[in-house]
Amino acid sequence: MKTYKVNGKTFEAVKEVSITKHGAERIAERYNITGNTARVIAQMAADFGTDARAVSPKLARWVNRKNRNNNGSDSTVYKILKDSLFIFEENEKEATLITAYRLPEWAMEEIK
C-alpha cells in the first residue's frame with residue numbers, strides 16, 4: 001500500500017485513492033489546491049474523515065441534498081475532514097473522489 005507524508009509524519013494509506021477530473025476541478029476551484037497536495041488531502045479524507053451522516057440529523061439532511069445533486073449510489077461515501085465534505089465512490093480496495101464542498105458555517109458547530 002502507498003504511504004504519504006503530512007507535516008513530516010508518514011502514514012500508510014488504508015485504501016487506494018484516485019480523483020476524477022470533476023473532483024480535481026472542484027478541489028482546485030474551492031481550495032486552490034492541485035496535484036499531489038490534492039491527492040494527499042483526498043487520501044486523508046478517505047482514511048481519517050468522519051462519516052458525515054453520523055454527525056447530526058441536520059447535517060445528514062444537508063448531505064442527503066448533496067447526494068441528490070451528485071446522483072449518489074449505495075457505494076457513495078461522505079467524509080468530513082476539517083471544514084469540508086468529500087464525496088467518494090468506494091469499494092473494498094479503492095475510493096474515488098467525486099467532489100468536495102466547504103461545509104456551511106452552521107455545520108462547523110455540529111461537528112465540534
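Up top you'll find the structure we're talking about.
Residues numbered from 1 in each chain as written. Predicted model: local features only at pLDDT ≥ 70, side-chain atom pairs only at ≥ 80, totals over all residues. Heavy atoms only, no water.

K.L.:
For this particular structure, what's the right way to read helix H1 (residues 21-31)?
P.N.:
The set of residues buried in H1 consists of Gly 23, Arg 26, Ile 27 and Tyr 31. Considered in projection along H1, the buried side chains sweep an arc of 100° and stay on one side of the axis. Exposed side of H1, more than 90 degrees from the buried face: Lys 21 and Glu 29 are the residues found there. In this fold, the buried residues of H1 make contact with strand E3 (16-19), helix H2 (35-48), strand E6 (84-90) and strand E7 (94-102). (Buried < 20%, exposed > 50% of the residue type's maximum accessible area, 1.4 Å probe, protein only. Helix = DSSP H or I, 4+ residues; strand = E, 2+ residues; numbered from the N terminus. Arc of directions from axis to C-beta. Contact = heavy atoms within 4.5 Å.)

K.L.:
Is there a simple way to explain unusual backbone geometry in this structure?
P.N.:
Glycine aside, residues mostly have negative phi angles, and peptide bonds mostly take the trans form. Positioned with a positive phi, Asn 32 is a non-glycine residue whose angle comes to about 60°. Within the secondary structure, Asn 32 is located in the loop between H1 and H2. Overall, Asn 32 belongs to the exposed group, its relative accessible area being 72%. For Lys 82, which is not a glycine, the phi torsion comes out positive at approximately 55°. Along the chain, the position of Lys 82 falls in the loop between strand E5 (76-81) and E6.

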